[in-house]
Amino acid sequence: MSEAQPGTTGRRGRLLALAALAAGAGAAAWSLRDLPAAFGRRPDGEREERVRSSPQYRDGTFHNAPSALARDTSTPDFDRSTVRRMLFEREGRTPSGPVPTIRPLGGPRPAAEGVEITWYGHASALVEIEGTRVLLDPIWSDRCSPAAQVGPKRLHPVPVELEELPQVDAVLISHDHYDHLDMATVKRLVLSQSAPFAVPLGIGGHLRRWGVPEHRIIELDWNETCTLGDLVLTLTSAHHFSGRGLTRNTTLWGSWVIAGPTRKVFYTGDSGYFEGYAAIGEQHGPFDAALVQIGAYDEAWADIHMTPEDAVTAHRDLRAGLLVPVHWCTFNLGLHPWSEPVERLLAEAKAQAVPLAVPRPGERVDVDNPPELDGWWEGVA
């Protein structure tokens, strides 16, 4: 048996370390290969001109409508105290056990003739209204992030695979943040669905980069409408912001009015509480139901995310019937305990006599015959 020459072991160790470093760098580069595409793309040419002509656009960015209740902010306020809370106050921000989900039983069925809502978690939902289907802010990835290996991770599995969804008549996007517009999900929908994507101004640039055909992109400004058969979709205002990379507010954000021949549903998207809800209720209401954002609120960004109490006030302003809460449960994006949004919502809805349904992820709600509240979240809080 030969002995190693002096220095051989050291050289071998350095070579192994360099090889491991190179392998790690290669793996990191591979994991980030889609990062530039995930940031999306700004509009160009004729589309840029349409963006510039929007009443919401000035000085190179989109702006919120003037409000006496909320500031025209472009980003949340992350001061030192907020950052410290985000890093160190983590207790209770995730569920203590598996979140119960419901998988649809049976095969394909016709779209509901009334109004039914299936919530898949966070803000992703399917609205069935008078024989048509609309998919809201779908995200089926494990993380809401531009990279698959970092960022907020899903707290429960998707209730049903994306390719198992029935054919829809439209996919609606409220704004371009990663927890509402997911590149991987969009690419899968291009293959599994044939419906158009209706989006706020500027988001079409992201979709074009990701391979969505031009004939499947509908870009709207606030108070603009598109008609798809018996389905009428109107983009309405919201008080929020946008951005996927280092730039902010180069695309518009909004809320949605979903109208059939006789029934209507409203979706808030992300928004702080503002006067716009009363105006939307007056112009487009009443609504049979509203999907209202209740989670990821904090005093540091009160102008761009509603508290549960704000959500009930907005729901009343909208002149809506059944309140279905969204934007909670699925991703840890706020500084509050995991179940706090729905607990506060329940108390305020009861105090204001607002009808409420809190489905499990994957559960379908018949708006005309909603399920009784059963506190399913209490067992995993």
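Given the structure is predicted, the values throughout are model-derived calculations rather than measurements. (Residues numbered from 1 in each chain as written. Predicted model: local features only at pLDDT ≥ 70, side-chain atom pairs only at ≥ 80, totals over all residues. Heavy atoms only, no water.)

So, on to the overall build of the chain. Secondary structure assignment for the chain yields nine helices and 15 strands. Within the chain, buried positions represent 53% of all 381 residues. For the chain, the accessible surface area stands at approximately 17100 Å², while carbon and sulfur atoms represent 54% of it. (Helix = DSSP H or I, 4+ residues; strand = E, 2+ residues; numbered from the N terminus. Buried < 20%, exposed > 50% of the residue type's maximum accessible area, 1.4 Å probe, protein only. Areas by Shrake-Rupley, 256 points an atom, 1.4 Å probe, with all protein chains shown as cover.)

This part takes up the pairing of strand β3 (residues 115–121). Among the seven residues in β3, seven count as buried, and that is most of the element. Looking at chain direction, β3 and strand β4 (residues 124–129) are connected through six bridges and run antiparallel. Along β4, the bridge assignment pairs Ile 117 with Val 127. Hairpin geometry of β3 and β4 is characterised by an intervening segment of two residues between the two adjacent antiparallel strands and by a positive phi of about 55° at His 122. Sheet analysis places β3 next to strand β15 (residues 364–366), joined by three bridges and oriented antiparallel. Pairing of Ile 117 across the sheet is with Val 365, part of β15. (Pairing = 2+ DSSP bridges.)

On the basis of which strands lie adjacent, the open sheet formed by six strands has the order β9-β10-β11-β12-β13-β14 and mixed pairing. Among the strands making up the open sheet, the edge pair consists of β9 (224–228) and β14 (320–326). Taking the axes of each pair of neighbouring strands and ignoring which way they run, one obtains an average angle of 20° across the sheet. Sheet analysis places strand β13 (residues 287–293) next to β14, joined by six bridges and oriented parallel. Opposite Val 292, over in β14, you have Pro 325 as the bridge partner. (Axes fitted to C-alpha atoms, helices over the stretch in contact; angles between N-to-C directions.)

Turning next to the pattern of salt bridges. Here the structure, examined in full by the defined rule, presents 19 salt bridges. Ionic pairing is found between Glu 219 and Arg 208, a salt bridge with its closest N-O pair at 3.1 Å. Of this pair, Glu 219 sits in strand β8 (residues 217–220) while Arg 208 sits in helix α6 (residues 204–209), placing them 11 residues apart in sequence. There is no split in this pair, since Glu 219 and Arg 208 are both buried. When the shortest N-O distance is used, the salt bridge between Arg 360 and Glu 363 registers 3.7 Å. Each member of the pair Arg 360 and Glu 363 is classed as buried. (Salt bridge = Lys/Arg side-chain N within 4 Å of Asp/Glu carboxyl O.)

It is worth spelling out the packing of helix α8 (residues 308–317) against helix α9 (residues 340–351) at this point. Interaxial distance between α8 and α9 falls to 8 Å at its minimum, and their mutual angle equals 45°. As far as their axial angle goes, α9 and α8 are oblique. Pair α8 / α9 crosses with right-handed handedness. Residues Pro 308, Glu 309, Ala 311 and Val 312 of α8 pack against Pro 341, Arg 344, Leu 345, Glu 348 and Ala 349 of α9. Looking at the contact of α8 with α9, its residues break down into six nonpolar, no polar and three charged. (Parallel < 35°, antiparallel > 145°, perpendicular 65-115°, else oblique. Left-handed = near helix turned anticlockwise from the far one by under 90°. Contact = heavy atoms within 4.5 Å. Nonpolar A, V, L, I, M, F, W, Y, C, P; charged D, E, K, R; others polar.)

So, on to helix α7 (residues 276–284). Taken together, the buried positions of α7 are Gly 276, Tyr 277, Ile 280, Gly 281 and His 284. Along the axis of α7, the buried residues cluster in a sector spanning 140°; they form a single face. Exposed positions of α7 whose direction lies more than 90 degrees from the buried face are Glu 282 and Gln 283. At its buried positions, α7 is contacted by β10 (231–236), β11 (255–259), β12 (264–267), β13 and α8. (Arc of directions from axis to C-beta.)

In this section: the environment of Ala 68. Counting through the fold element by element, Ala 68 comes out in the loop between β2 (61–62) and α4 (80–88). By relative accessible area, which is 75% here, Ala 68 ends up exposed. Separated by 206 residues in sequence, Ala 68 and Phe 274 place their C-alpha atoms 7.8 Å apart.

Moving on, we get to the side chain of His 122. With respect to the helices and strands, His 122 occurs in the loop between β3 and β4. What makes His 122 buried here is its relative accessible area of 1%. One polar contact links His 122 to Asp 179, side chain to side chain, over a distance of 2.8 Å. Sequence-distant contacts of His 122, that is, excluding residues within four places in its chain, are made with Asp 179, His 180, Val 326, His 327, Trp 328, Thr 330, Phe 331 and Leu 333. (Polar contact = N/O pair within 3.5 Å; in protein donor to acceptor, adjacent residues only side chain to side chain.)

The next point concerns the sheet that holds strand β5 (residues 132–136). The seven strands lie next to each other as β8-β7-β6-β5-β4-β3-β15, forming an open sheet whose pairing is mixed. Single-partner strands in this sheet number two, and they are β8 and β15. On average, each strand axis in the sheet is tilted by 20° relative to the strand beside it, whichever way the strands run.

Considering all chains together, one arrives at nine aromatic pairs under this definition. Relative to Trp 328, the ring of Trp 119 lies with its centre 5.9 Å away and its plane at 10°, an arrangement referred to as stacked. Of this pair, Trp 119 sits in strand β3 while Trp 328 sits in the loop between β14 and α9; the two residues are 209 residues apart in sequence, bridging distant segments of the chain. Given a relative accessible area of 0%, Trp 119 falls into the buried group. Owing to a relative accessible area of 3%, Trp 328 belongs among the buried residues under this scheme. Ring pairing ties together the aromatic residues Trp 119, Trp 328, Trp 338, Trp 376 and Trp 377, which thus form one cluster. (Phe/Tyr/Trp six-rings, centres within 6.5 Å; stacked < 30°, edge-to-face > 60°.)

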